[in-house]
Amino acid sequence: MRIGAVYPQTELGGDPDAARAIGTAVEALGFDHLVAYDHVLGASHDREPPLPPRYSDADPFHDPFVLFAHLAALTERIELVTGVLVLPQRQTGLVARQSTDVDLLSGGRLRLGVGTGWNWVEYEALGQDFAVRGRRLDEQIELLRRLWSDDLVDFDGAYDRVDRANILPRPCRSVPIWVGGMSAPAFRRGARLGDGFIHAGPLDACLAAKEAVAAELATAGRDPSGFGNELLTRGTATADDVVGAVERWREAGGTHVGVVSMGLGLDSTEAHHDFYAGVADRLGLDPGVTA
């Protein structure tokens, strides 16, 4: 099983030194990947219709592509994972270009997790229609793969038009696309179109979601052996909690885990680092691991 860490950016105040310190420490401690969440804009929750009680205008976020381009130069081995990029609020061609460059500059270390998001204010500010986000995401996944592979793309979709154009250079591979979400439509999308699925929430709910994705894979006629499932560990307050969640996920056939240190009352870069170090020690990660 591949063990990674989730970058705790909402609790580090946007500190660039923290980004460097955590990114390099995750690799030095023997983790396999680093996950970064995504929001372009934070929004006040004082509005109608109300936003879900998640992130607000008080929570800092780095752009994942910029963060990963920076960390690509400071690390050598760890995979860089968006978990997840809110793809339908972005221009597809621009994401194809940005993801290509991060993958090339990192030596093929990008994994693109994508999802629909929940913040309609963010969509509105970025000029996209929140109501069609699911259908647009389906189309975008197809177009991204075309832009990464084809010499010249002629694409006439419901939401994007590419008239005999391309990106150059292109990645040396098709960047892995993993879908994230907590709903039946997300499970179907991941099974039909994804290379894997990123699960977040209480462990029992994620185990049930993994089974739902497996059922959708069977319906789609896809071989589950090459399909990944990542758990983002929420509700794990101690290193022992993380170990327990990892073992249950492993027993259920999970392939990846991203260790979350946010929401545990850790108030500094050093405190988050120490939490990761404790987890790495309890899981027996090898600080000397090489690619």
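Structure first, text after, so check above.
Residues numbered from 1 in each chain as written. Predicted model: local features only at pLDDT ≥ 70, side-chain atom pairs only at ≥ 80, totals over all residues. Heavy atoms only, no water.

Peer 1: Even after reading the chapter, I still don't get the overall build of the protein, so can you show me in this structure?
Peer 2: Scanning the protein for helices and strands turns up nine helices and 10 strands. Overall size of the protein, expressed as C-alpha extent along the three principal axes, is 50 × 45 × 40 Å. Within the protein, buried positions represent 50% of all 291 residues. Restricting the contact set of the protein to residue pairs at least 6 apart, pairs at least 24 apart contribute 72%. Only carbon and sulfur atoms are counted for the fraction: they give 51% of the accessible area of the protein, which is about 12,600 Å². (Helix = DSSP H or I, 4+ residues; strand = E, 2+ residues; numbered from the N terminus. Buried < 20%, exposed > 50% of the residue type's maximum accessible area, 1.4 Å probe, protein only. Contact = heavy atoms within 4.5 Å. Areas by Shrake-Rupley, 256 points an atom, 1.4 Å probe, with all protein chains shown as cover.)

Peer 1: Please explain the packing of helix α8 (residues 239-251) against helix α9 (residues 269-283) as it appears in this structure.
Peer 2: Each pair of packed helices can be described by the angle between their axes along with the distance between the axes. Between α8 and α9, whose axes approach to 9 Å, the crossing angle comes to 50 degrees. Relative to α9, the element α8 lies oblique. The handedness of the crossing between α8 and α9 is right-handed. Contacts between α8 and α9 involve A239, D240, V242, V243 and V246 from the former and F275, G278, V279, R282 and L283 from the latter. (Axes fitted to C-alpha atoms, helices over the stretch in contact; angles between N-to-C directions. Parallel < 35°, antiparallel > 145°, perpendicular 65-115°, else oblique. Left-handed = near helix turned anticlockwise from the far one by under 90°.)

Peer 1: Sorry if this is basic, but what is going on with the packing of helix α7 (residues 203-220) against α8 here?
Peer 2: Axis separation between α7 and α8 bottoms out at 11 Å; the angle between their running directions is 15 degrees. The angle between the axes of α7 and α8 places the two elements in the roughly parallel class. When you trace α7 past α8, the crossing you get is right-handed. Between α7 and α8, the residues in contact are L203, D204, C206, L207 and K210 and A245, R248 and W249, respectively.

Peer 1: Explanation requested: the packing of aromatic side chains in the structure shown.
Peer 2: For any two aromatic rings, the description comes down to two numbers: the centre-to-centre distance and the angle of the planes. Under the counting rule described, the total for this entry stands at four aromatic pairs. The ring of W178 carries R111 above its face, with NZ or CZ at 4.2 Å from the centroid. One residue, R133, lies across the ring of F130, its end atom 3.8 Å from the ring centre. (Phe/Tyr/Trp six-rings, centres within 6.5 Å; stacked < 30°, edge-to-face > 60°. Lys NZ or Arg CZ within 6 Å of the ring centre and 35° of its normal.)

Peer 1: Looking at this structure, I do not really get the pattern of salt bridges. What am I missing?
Peer 2: Any two side chains of opposite charge can pair, given that their charged atoms come close. Tallied over the entire structure, the rule returns 20 salt bridges. A salt bridge links R90 to D63, with the shortest nitrogen-to-oxygen separation between them at 3.3 Å. One end of the pair, R90, is in the loop between β3 (79-86) and α3 (92-105); the other, D63, is in the loop between β2 (33-36) and α2 (64-72), and 27 residues separate them in sequence. The class for R90 is buried, based on a relative accessible area of 10%. On the basis of relative accessible area, D63 is assigned to the partly exposed category, the value being 28%. (Salt bridge = Lys/Arg side-chain N within 4 Å of Asp/Glu carboxyl O.)

Peer 1: Explain the environment of E76 to me, please; I cannot follow it from the model alone.
Peer 2: When you line up the elements, E76 lands in the loop between α2 and β3. For the pair E76 and G107, spaced 31 residues apart in sequence, the C-alpha to C-alpha distance is 8.5 Å. In this structure E76 touches E27 and R109, once residues within four positions along its chain are discounted.

Peer 1: Just checking my understanding: could you explain the nonpolar core for this structure?
Peer 2: Nonpolar side chains in soluble globular proteins tend to be buried together. Ranked by size, the top nonpolar core spans 64 residues in total, and within it Y7, F31, L112, V114, L144, W148 and V259 carry the most contacts. Discounting residues that sit within four places of it in the chain, L144 has contacts with L87, T92, V95, A96, L112 and I177. (Core = buried A, V, L, I, M, F, W, Y, C linked by side-chain atoms within 4.5 Å.)

Peer 1: What is the right way to look at the sheet that holds strand β9 (residues 228-233) in this model?
Peer 2: Strand pairing in a sheet relies on backbone hydrogen bonds, with the paired strands running either antiparallel or parallel. Reading around the barrel, the eight strands line up as β1-β2-β3-β4-β7-β8-β9-β10 and close back on themselves, with parallel pairing between neighbours. For this sheet, the mean inter-axis angle between neighbouring strands, taken without regard to orientation, is 25 degrees. Pairing of strand β4 (residues 110-115) with strand β7 (residues 177-180) involves three bridges; the strand directions are parallel. Note on β7: the bridge partner recorded for V114 is V179. The strands that α2 touches are β2, β3 and β4; relative to β3, the one it contacts most, it runs at about 175 degrees. (Pairing = 2+ DSSP bridges.)

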